[in-house]
Amino acid sequence: MAVFAYKGRSARGDLVQGTLEGSDSGAVADQLFNIGIVPTEIKATRGGAVTRTADNSGWRRLLREKKVEQLDLMLFSRQMHTLLRAGVPIMRALAGLQESAQNPAFSRMLQDLRESLDSGRELSTAMRRHPKIFSPFYVSMVQVGEMTGMLDETFMRLYSHIEFEKDMNERIKGAMRYPMFVIVAMAVAIVIVNIFVLPAFAKVFEGFHTQLPLMTRLLMGFSSFMVHSWPVLLAMLVAAAVGSRMYVATPNGRYQWDKYKFQIPIAGKIILKSTLARFARSLALAFKSGIPIVQGLNVVGMVVDNEFMRARIEQMRDGVERGESILRTAVGSGVFNPTVLQMIAVGEETGDMDGLMFEIAGMYEREVEYEVKTLAQQIEPILIVSLGIMVLILAMGVFLPMWDLGKAALHR
């Protein structure tokens, strides 16, 4: 028996980790699900019988091999819906998809699904053997589809959900691309001015033999520091970057960083609204598929890629477990605006929570789309003011001594 190290989340969403013995990672995943733990990572330990590929050709192949991407999973969901809806048996469907798969890693995953089904496992159980490809939300949806006999419809819903996630991620990346480009461009301009431009003026000012204005002295001092101490600055920059990554890797650091994301000027509200849109759509999909509310909040909390939002969702789940209404727990979370809270209240009263959550997701999607379109207009005033201040400081520091050039010449 091999020894596997695992990480997962309990029924309450708490992070748990440890080691278990099993014939393979799938058997370990089955053990964890039996005790109420949803695995997020399972790896063979060095002392186990199952180890990583040791030969050079093996690890080189793994390095060169393309990983399973979100687009692969989206197409898989769409194709499974089409095949199952046409009446194709699931084993034949998986075999056909494996033959046409262009990604070797995805092909091996499909082969493992077929072998698991051959051994008597259900499709959802087989998918749990691949936690890096199938999220807990995806597996839970497939499990509900198996129990209700609506697996084809479930795959269509998952396709729409993954397509939405992909579109939202691309919008966020597009929204952040312009601000990051502006910040990097300004940083590069400051470095060039201080290392190449100001030292040339410093040589001219040295010939004045008079006290320079305060602004000029500050600029020249900072430029001299950058020219002579750039290794120290570079080391400080690298240390700050490494330290920040190490801090964010800790649970508290990740929580604080994810919370701060929502407070970033201009971009923060886009990130918040897109996160709320993903949460609302995921929860609506869970409700529509028949997943109980507590279990739905649990799996949605695991899927949300933000520790701060995950904590708020877990807070809502705990409130529902105590018998509180969804509206009351949503008010206590402090992340929804009054309009959304009113829609949640109507959904609870009418019993149409899935429909209202879809409406909430659509509302946030439209707001994100509008914010992204107007992002350049919102950033331009800040950019103009920042560049104006930088040019003013540079002009005052460089040209003030020029204005006193006549006075300086008399003192020579």
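Each chain carries its own residue numbering, running from 1 in the written order of its sequence. In keeping with the model being predicted, local features are shown solely for residues with a pLDDT of at least 70 and side-chain atom pairs are shown and tallied solely at 80 or more, while totals for entire chains, interfaces and linings include all residues. With hydrogens and water excluded, all non-hydrogen atoms of the structure serve as input to the side-chain values.

Caption draft 1: Representation of the environment of threonine 154. Examined against the element boundaries, threonine 154 turns out to sit in helix H8 (residues 151-206). Residues threonine 154 and glutamine 143, spaced 11 residues apart in sequence, show a C-alpha to C-alpha distance of 9.4 Å. Residues contacting threonine 154, with those up to four places away along its chain left out, are Met141, Val142 and Gly145. In this text, helices come from DSSP runs of H or I with a minimum length of four residues, and strands from runs of E with a minimum of two, each type numbered from the N-terminal end. Any two residues having at least one pair of non-hydrogen atoms within 4.5 Å are treated as being in contact.

Caption draft 2: Structural view of a nonpolar patch on the surface. There is a patch of nonpolar side chains on the surface, built from Trp230, Leu234, Leu237, Val238, Val242 and Met246 and spanning about 630 Å² of accessible area. To sort residues, take the accessible area from a 1.4 Å probe on protein chains only and compare it with the maximum for the residue type: under 20% means buried, over 50% means exposed, and anything in between is partly exposed. Among the residues examined, methionine 246 registers a relative accessible area of 57% and is labelled exposed. Excluding any residue in a salt bridge, patches collect residues exceeding 30% relative accessible area, merging like charges within 9 Å and nonpolar Val, Leu, Ile, Met, Phe, Trp and Tyr side chains within 5 Å. In these tables, accessible area is a Shrake-Rupley quantity obtained with a 1.4 Å probe, and a residue counts as shielded only by the protein chains included in the view. Basic side-chain nitrogens of Lys or Arg form a salt bridge, by our definition, when they fall within 4 Å of a carboxyl oxygen of Asp or Glu.

Caption draft 3: Quick look at the packing of aromatic side chains. Two aromatic rings, drawn from Phe, Tyr or Trp (for Trp, its six-membered ring), form a pair once their centres lie within 6.5 Å of each other, and the interplanar angle then sorts them: stacked below 30 degrees, edge-to-face above 60, tilted otherwise. Scanning the entire structure with this criterion turns up 8 aromatic pairs. Grouping aromatic residues by their ring pairs yields a cluster made of Phe76, Phe106, Phe134, Tyr138 and Phe155. For the cation-ring pair, arginine 78 lies above tyrosine 159, with the distance from its terminal atom to the ring centre recorded as 5.4 Å. Here, a charge over a ring is recorded when the distance from Lys NZ or Arg CZ to the ring centre is within 6 Å and its angle to the ring normal is within 35 degrees. Here the basic side chain of arginine 312 rests over the ring of phenylalanine 308, its NZ or CZ set 4.9 Å away from the ring centre.

Caption draft 4: Structural detail: the confidence of the model for the protein chain. What pLDDT expresses is the predictor's confidence in each residue, scored from 0 to 100. Here the protein chain shows a mean pLDDT of 80. Residues at 70 or above account for 90%. Here residues 47-59 is a poorly scored stretch, pLDDT under 50, and it has 14 contacts once near neighbours within four places are set aside; other chains count.

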